[in-house]
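# Remarks on the overall topology
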Amino acid sequence: MAKLNKYRPFNPNPEMVARLPDVTGNAINGVGETQQRRPELVFWAPDPDDIAFGDVQKWFYMCQPDSPEMVTERAKRKVVLDSVLPDVNPVALVQSPDEWTSSLNQFVEAGDCEMVGATAMNPKWFFEGQKTEFKTVIMMGVHHDYEELKHAPEFRAGIEVVRQYGRAAAAAKKITAWLMEQGWDAEAVTGPMAGKLVMIPPALECGFGELGKHGSLINPEFGSSFRLSAVLTNALFASTPKREFGIDEFCSKCRICEDACPPIAIEPDKKMVRGEKRWYVDFDKCIPYFAENSGCAICIVECPWSRPGVGINLAQKLAKRSARDRCD
Ligand code: SF4
Ligand code: SF4
């Protein structure tokens, strides 16, 4: 039997409801559409006035309490974002794609990020109206401190999210600067206002994990307890392999996040979204709770893969089961 959900029923604040646009977020996201198309920016716009849900994005900030800790974390991230990059070295380093990709490990070893991978650019990862000339996407993942994130949906978890977005931005800027010093132009793309690139598809392609029912990536080591950033460049990197761990099937039999979600936004079955059948979170149910509760993150915290040490054990059990099934 499902655990009693202390956050239900959720009734959105009428002031937030008054800010909702006429169009639904699910329509913007292309739910039910059978044709493939590029995504449209639905939330986290660099300029909220550019999107239909811009007034809700502003509401997110209006709901946040005054907090010196949050001010500090946002200021630290701004320093990173404003940091000046070096000029592109006129002498370009030439090395093999494998050597480029191997050299990314230095950033994990230095503690800038916990995951790094690379893949060839796919224009469909760019939001409608955005384009790029770069040929490679490098993805970084930074791990949350679960002891902080577990307080979701309290503001304390929201501070941890901003803290890790700051780390992810710092990693992206450092890798961008390094590429420029090697003679290759590059561009950092950092969240949450990434603006041009949808982060999850290239991270999937880089082998960071699988898409979970809660709409976030799941990695065996870090669960969903991590944030992403990206670097675009023309240096040609060997692609890190896409990996599957049996998480997709695991999600089809698990409903922990569905039961934990206060506004019952997590769809139990896959939906057709812009020509692809995939797990989907009902944007229009999620966003009122998300906006009023510091970005929520309950589904990420409650997912068993996110609990420290649990994901690795689950992945090992699934791998053993799959090997047994192959032998039978
Ligand atoms: S809580 Fe369960 S169903 Fe939800 S994403 Fe995690 S494993 Fe999948
Ligand atoms: S973030 Fe959205 S989908 Fe996840 S638990 Fe909160 S309201 Fe539900």
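Look a little higher up for the structure.
Quick look at the structure, then.

Reading the values: the criteria
Residues numbered from 1 in each chain as written. Chains lettered and ligands numbered in written order. Predicted model: local features only at pLDDT ≥ 70, side-chain atom pairs only at ≥ 80, totals over all residues. Near = placed C-beta within 6 Å. Helix = DSSP H or I, 4+ residues; strand = E, 2+ residues; numbered from the N terminus. Nonpolar A, V, L, I, M, F, W, Y, C, P; charged D, E, K, R; others polar. Core = buried A, V, L, I, M, F, W, Y, C linked by C-beta atoms within 7 Å. Buried ≥ 20, exposed ≤ 12 C-beta atoms within 10 Å, placed from the backbone. Contact = placed C-beta atoms within 7 Å. Pairing = 2+ DSSP bridges. Axes fitted to C-alpha atoms, helices over the stretch in contact; angles between N-to-C directions.

## Quick look at the site of ligand 2
Taken together, 14 residues surround ligand 2, and among them Cys261, Cys286, Cys296, Ile298 and Cys299 come closest. Looking at the shell around ligand 2, the elements with two or more residues in it are helix H12 (283-292) and helix H13 (298-302). Of the residues assigned to the shell around ligand 2, the class counts are 13 nonpolar, one polar and no charged.

## Focus: the nonpolar core
One finds Ile138, Met139, Met140, Ala171, Ala172, Ala230 and Ala297 to be the most contacted residues of the largest nonpolar core, which totals 80 residues. A total of ten residues in this core trace back to one element, the largest contributor, which is helix H8 (residues 155-181). Leave out the neighbours within four places in its chain, and Ala230 touches Val137, Ile138, Met139, Ala172, Val189, Leu197, Met199 and Pro202.

## Details of the pairing of strand S3 (residues 186-190)
A large share of S3 lies buried, amounting to four of its five residues. Pairing of S3 with strand S6 (residues 226-233) involves five bridges; the strand directions are antiparallel. Its bridge partner being in S6, Thr190 is matched across the sheet by Ser229.

## As for the site of ligand 1
Close to ligand 1 lie Gly212, Lys213, His214, Phe250, Cys251, Cys254, Arg255, Ile256, Cys257, Cys303, Pro304 and Trp305. Among the elements of the structure, helix H10 (247-253) and helix H11 (256-260) are those that each provide at least two residues to the shell around ligand 1. Among the residues making up the shell around ligand 1, the classes are represented as eight nonpolar, two polar and two charged.

## Considering the sheet that holds S6
Taken together, four strands build an open sheet; the order of strands is S1-S2-S6-S3 and the sheet is antiparallel. Every other strand in the sheet has two partners, leaving strand S1 (115-120) and S3 as the edge strands with one partner each. Neighbour-to-neighbour, the strand axes of this sheet turn through a mean angle of 20 degrees, independent of strand direction. Looking at chain direction, S1 and strand S2 (residues 136-143) are connected through six bridges and run antiparallel. The residue of S2 that forms the bridge with Gly117 is Met139. Its contacts with the sheet place H8 against S2, S3 and S6, and it is angled at close to 20 degrees to S6.

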